[in-house]
Amino acid sequence: MITDKYVALQEILREMGSVVVAFSGGVDSTFLLKAAVETLGAQHVLAVTADSETYPTSELKEAEQLADLIGVRHEVISTSELDIPGYAENNKNRCYFCKSSLFDHLLPLLEERGFANIVYGVIADDMNEHRPGMQAAKERGIRGPLLEAGLYKREIRDLSNAFGLPTWDKPSFACLSSRIAYGETITNEKLQKVERAEAYLKSLHIRQVRVRTHQNIARIEVEPGDMAGVLSNHEAIVERLQAYGYKYVTLDLVGYRSGSMNKSLNL
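These figures come from a predicted structure and were not determined experimentally.

What counts, and at which threshold
- Residues numbered from 1 in each chain as written.
- Predicted model: local features only at pLDDT ≥ 70, side-chain atom pairs only at ≥ 80, totals over all residues.
- Heavy atoms only, no water.
- Helix = DSSP H or I, 4+ residues; strand = E, 2+ residues; numbered from the N terminus.
- Polar contact = N/O pair within 3.5 Å; in protein donor to acceptor, adjacent residues only side chain to side chain.
- Contact = heavy atoms within 4.5 Å.
- Buried < 20%, exposed > 50% of the residue type's maximum accessible area, 1.4 Å probe, protein only.
- Pairing = 2+ DSSP bridges.
- Expected span 1.5 Å × (residues − 1).
- Axes fitted to C-alpha atoms, helices over the stretch in contact; angles between N-to-C directions.
- Parallel < 35°, antiparallel > 145°, perpendicular 65-115°, else oblique.
- Left-handed = near helix turned anticlockwise from the far one by under 90°.
- Nonpolar A, V, L, I, M, F, W, Y, C, P; charged D, E, K, R; others polar.
- UniProt positions renumbered as here; feature names shortened; annotations may be inferred.

A few words on the side chain of Asn90. Along the chain, the position of Asn90 falls in the loop between strand E3 (73-78) and helix H4 (94-113). A distance of 2.8 Å separates a polar side-chain atom of Asn90 from the backbone oxygen of Ala181. Contact partners of Asn90, with chain neighbours within four places excluded, come to Ile180, Ala181, Tyr182, Gly183, Glu184 and Ile186.

And the structure:
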């Protein structure tokens, strides 16, 4: 039962004693942060957010607001994925380089701030996905309490709702680099183009959206129920996205799905 899993999560956190939470402000890391504060007390928890080219400004602002709501110390550190050797080349292990850099930035905080462990928001669903960042965590002894407790996304949303967290129904989010086709070099210009395109589509009241980028083609993914809204605004959308630098603008009829770029990999 979901309550049994939450009890297991609390036992895992108590065993840790104190934690630095890699905090993005997404559904999973927000719930993990809340659970850590409820279990250990705010004085034994530190939330750290990495601000970089792949992290939208709107997400950083929301992360700051969520940490304040939960009542926990929150630090923002500056990182740059594009400076990481091997990252911009955008091969199938891109996330390994990203997570390695993130955790290497967080590890010094353990001694500096007097914490015992670093935790991040990996969940049970991720065991069925391409997640090379999990190897980076394993190599550095970074733990994933939500995964260890066997919690799935749907259960985390239910528990988040019970806790009154506004993220309980927040659309899933991943770094902007996940929008760029594997093998295509990641640049700051491309990341900004994706961020602007998705922000515009969200301004049309489309909650879950991805603008997958294949060179000069924008492949828009939305929930099936939002496709009619895209089509009814297709002229404005095409004009705006072309102004951002795309040559072709398409709507993916399969609809939004997490990690759709991974379908091109031979895993």
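Once you've had a look at it, read on.
Moving on, we come to unusual backbone geometry. The phi dihedral of His205 is positive, around 70°, even though this residue is not glycine. For His205, the location among the structural elements is in the loop between helix H8 (188-202) and strand E5 (209-214). What makes His205 exposed here is its relative accessible area of 71%.

For strand E6 (residues 217-222), the buried fraction is high: 5 of the 6 residues fall into the buried class. In this structure, E5 lies alongside E6, joined through 6 bridges in antiparallel fashion. Residue pairing across strands places Thr213 opposite Ala218, the latter belonging to E6. Counting the residues in the hairpin turn of E5 and E6 gives 2 residues, including Gln215, whose phi is positive at 55°. In the sheet, E6 pairs with strand E7 (residues 248-251) via 4 bridges, with the strands oriented parallel. What sits directly across from Ile220, in E7, is Leu251.

Another point: helix H1 (residues 2-16). When the terminal C-alpha atoms of H1 are compared, their 21 Å separation across 15 residues agrees well with the 21 Å that a helix rising 1.5 Å per residue should span. Following H1 by one or two positions, Gly17 adopts a phi angle in the positive range, close to 90°.

This brings us to the sheet that holds E6. Pairing in this open sheet of 3 strands is mixed, and the strands run E5-E6-E7 from one edge to the other. Across the chains shown, the open sheet's two edge strands, defined by having one partner strand only, are E5 and E7. Across the sheet, the mean angle from the axis of one strand to that of its neighbour is 25°, orientation sign disregarded. Across the sheet, helix H10 (residues 234-243) lies against E5, E6 and E7, angled at about 135° from E7, the strand it touches most.

Below, the discussion takes up the packing of H1 against helix H2 (residues 27-40). Relative to each other, H1 and H2 sit at 70°, their axes nearing to 10 Å. With respect to their mutual orientation, H1 and H2 come out roughly perpendicular. As H1 runs across H2, the sense of the crossing is right-handed. Facing Tyr6, Leu9, Gln10, Leu13 and Arg14 of H1, the residues of H2 in contact are Phe31, Ala35, Ala36, Glu38, Thr39 and Leu40. Class assignment for the residues of the contact of H1 with H2 results in 7 nonpolar, 2 polar and 2 charged.

Before going further, it helps to examine the UniProt feature "domain: NAD/GMP synthase" (unreviewed entry) in the chain. Under the UniProt annotation, the feature "domain: NAD/GMP synthase" (unreviewed entry) is placed at residues 16-80. What you have in residues 16-80 is 45% helix and 26% strand, and the ends, taken at the C-alpha atoms, are 29 Å apart.

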